[in-house]
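Residue-level structure breakdown
The lines below spell out each chain.
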Amino acid sequence: MTLRLYDTATRSVRDFVPREAGKVGVYLCGLTLQAPPHIGHLRSGVNYDVLRRWLLSAGYQVTFIRNLTDIDDKILVKAQEQGRPFWSIAYGNELKLAEAYRALNVLPPTYEPRATGHIPEMHELIAQLIDRGHAYPATDGSGDVYFDVRSWPAYGALSNQSPDDMQSAGDAPERAKRDPRDFALWKGAKPDEPADAYWPSPWGRGRPGWHIECSAMCWRYLGAEFDIHGGGLDLIFPHHENELAQSQAADLPFARYWVHHGLLGIGGTKMGKSLGNTLDLDYVAALGVRPVELRYYYVAAHYRSRIDYSEEALREAAVAYRRIEGFVQRATELVGVGQLGELPVGFAAAMDDDLNTSAALAVLHEVLRDGNNALAGRDEVTVRTALGGVRAMLDILGVDPLDPAWTGGVRASDLRGVVDSLVALALEQRAQARLRKDWAAADTLRDQLKRAGVVVEDTPQGPRWTIGEHD
C-alpha cells in the first residue's frame, strides 16, 4: 500500500509521491523562542517524528529541516521586559526545547537552522520579489518592505480564503502599506526596540518579518521545490499562506504536500503563554507520568485530531503504556530481548492511511493480547514472535521500552541485570522480614519498591515483580 497523506492545499488525502525517487525533503516550522516549550508545542515534534520514522522504515533517505525563530516581535518584548539581550532569551529557550525533545525521544533533525543565520538569503528573496513587482519598499523612510497581496492572484488558496474577506495583516503600521492586507518582509529598525536587533539591508537597517525566514530556509536546505511542509493547523493562515505566496511569487514551486497537525488545547481553548494555561514537562513529571508515557499519549491520537488535555486522559494513557511495557518485560524474561520483528500487515496499512496511529495501536493491542495468552501458556515460540512484532510497532512510534533512549543510553540487557540484582536484594530482605513475622518491615519494603515503580506480586511460586502499576 502506498503512503497517503492529507494535503491541506487540495483538502484531500493524496498518494505520497516524492519529487525524487527514494528521497524525501521535509520542512517543519519550529518554535518562536520567546519562552520555554510547553506540551502543546511538543506534540508537533512527536507527530512529525512519527512521520519521519515511518518514511525511514520504508527505505527513504529523509532530509528533515526544523527551523528556529530567534528574532521576532515577541522575543524583543521579552528582552525589554527582562533587560536581557534578545539572543540570550532565544538561545536559553532553544536549549530547553532541545532538552525536551531529547526527553521525548524525538530524533534530531538533519539540520536546525536559525532565522538570524539566514539574513542574506532573505535579502535575495526580497530583492527578487521587488524586481518581479510583488513587493515594495515603504515610502515613509521606515525601511519596511511589504509583500503586495493584490499582485498575487492565487493568494488565499492554501487557507481557502478570499483576500476580500481578510483583515489587516497586523504585523506593521498600516500607514506605509498600499493595502492593509500586505505583510512585512523586512521591518525597519525602530528607536524603541533593542539596539542590537537589526541587520544592514539594501532598504535600511532592520530585521526580517516572520514569514520570509521560512521561505529562505526551505530554499537554502531543500531547494526550490521539496516534498512536505509541516506545522500546526494554527499556522495555515497567515504564516503558511504567506510563505506559499512569497515563494511562488519568487518563482519557487515550494512544497508539494502541506501536512498540518491538530492542536493540543486545555479547557476548550488553545494552550498558550499569553493565556497563562501552559503545562510543561516538569508539570507532567510531578503527576508521576514519564516522558515515554506522554509520548504514548500523543501518538494514541491521530495527528490531525484535536487533543483537549485532561489529567485523567493522560493517566489513562500512562496505564495503557505500562500494560504494554509489562508484556515486553515479562516476555523478555522468558525469551530474551531478541530482535525487532516483522510489522503486521494491519499496522502498516494503518500507518499508510494518513498515519492513522489510533488504528495502528489497535493492531498492536491485538498482538499484545495474543502475546499475553502465550505467556500464560509458556508458549515461547509465540511469545518470541509477539515480542518482536510489538517492539517493531513501538519502535515506529518511538516508544519501545527497550530503546536506549528510555534506558538512559544503557542497553536493555545490561540494565536488566543491574535492576534484577537490586530488586532481588530488596526482595530477599522482605522475605527475611516475613520469616520473622515482621509484617510492618515487609510491607514497608514493598511500598518503597512500589514508589520506585516496582510492583511486587506474591504468587504460589514466590514473589514476582514488574515495572508500573496493577490494573
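The model shown is predicted, which means the values in this text are computed figures rather than measured ones.

A look at the overall build of the protein chain
On a plain count of helices and strands, the protein chain comes out with 14 helices and 15 strands. The principal-axis extents of the C-alpha atoms in the protein chain amount to approximately 90 × 50 × 35 Å. Excluding contacts between residues fewer than 6 apart, the proportion of contacts in the protein chain whose partners are at least 24 apart in sequence is 74%. In the form shown here, the protein chain has an accessible surface area of approximately 21000 Å², with 51% of it arising from carbon and sulfur atoms. Seen as two clouds, the 51 positive and the 63 negative side-chain charges of the protein chain have centres 3 Å apart.

Comments concerning the UniProt feature "binding site: ATP" (unreviewed entry) in the protein chain
Mapped onto this numbering, the UniProt entry gives "binding site: ATP" (unreviewed entry) at Lys273. Of note, Lys273 is situated in the loop between strand E12 (269–270) and helix H7 (281–286).

Quick look at the pattern of salt bridges
Tallying each qualifying case throughout the model produces 31 salt bridges. Of the charged contacts in the structure, one is a salt bridge between Asp15 and Arg4, with a shortest N-O distance of 2.6 Å. Of this pair, Asp15 sits in strand E2 (residues 12–15) while Arg4 sits in strand E1 (residues 4–7), and the two are 11 residues apart along the sequence. For Arg4, a relative accessible area of 29% gives the class partly exposed. Across the pair Glu94 and Arg114 runs a salt bridge whose closest N-O atoms are separated by 2.8 Å. Here the residue Glu94 occupies a position in helix H3 (residues 86–103), and Arg114 occupies one in the loop between H3 and helix H4 (119–131), the gap between them amounting to 20 residues. With a relative accessible area of 14%, Glu94 lands in the buried category.

Brief notes about the sheet that holds strand E3 (residues 23–28)
Across the sheet, which stays open at both edges, the 4 strands sit in the order E4-E3-E9-E10 with parallel pairing between neighbours. Each edge of the open sheet carries a strand with a single partner, namely strand E4 (61–66) and strand E10 (254–261). Taken over all neighbouring pairs, the strand axes of this sheet differ in orientation by 25° on average, direction set aside. As judged from the 6 bridges shared by E3 and E4, these two strands associate in the parallel manner. Bridging from a neighbouring strand, Val24 pairs with Val62 of E4. Where helix H6 (residues 236–249) meets the sheet, its contacts fall on strand E9 (225–232) and E10, and the angle it forms with E10 comes to roughly 175°.

With respect to the packing of helix H1 (residues 39–57) against helix H12 (residues 380–397)
H12 packs onto H1 with a crossing angle of 125° between their chain directions and a minimal axis gap of 7 Å. Regarding the angle of H1 to H12, the classification is oblique. Listed contacts from H12 to Val50, Arg53, Trp54 and Ser57 of H1 are Asp395, Ile396 and Leu397. When the residues that make up the contact of H1 with H12 are grouped by side-chain class, the tally is 4 nonpolar, 1 polar and 2 charged.

Each value, and the rule that gives it
Residues numbered from 1 in each chain as written. Predicted model: local features only at pLDDT ≥ 70, side-chain atom pairs only at ≥ 80, totals over all residues. Heavy atoms only, no water. Helix = DSSP H or I, 4+ residues; strand = E, 2+ residues; numbered from the N terminus. Contact = heavy atoms within 4.5 Å. Areas by Shrake-Rupley, 256 points an atom, 1.4 Å probe, with all protein chains shown as cover. Lys, Arg positive; Asp, Glu negative; His and termini not counted. Charge placed at Lys NZ, Arg CZ, Asp CG, Glu CD. UniProt positions renumbered as here; feature names shortened; annotations may be inferred. Salt bridge = Lys/Arg side-chain N within 4 Å of Asp/Glu carboxyl O. Buried < 20%, exposed > 50% of the residue type's maximum accessible area, 1.4 Å probe, protein only. Pairing = 2+ DSSP bridges. Axes fitted to C-alpha atoms, helices over the stretch in contact; angles between N-to-C directions. Parallel < 35°, antiparallel > 145°, perpendicular 65-115°, else oblique. Nonpolar A, V, L, I, M, F, W, Y, C, P; charged D, E, K, R; others polar.

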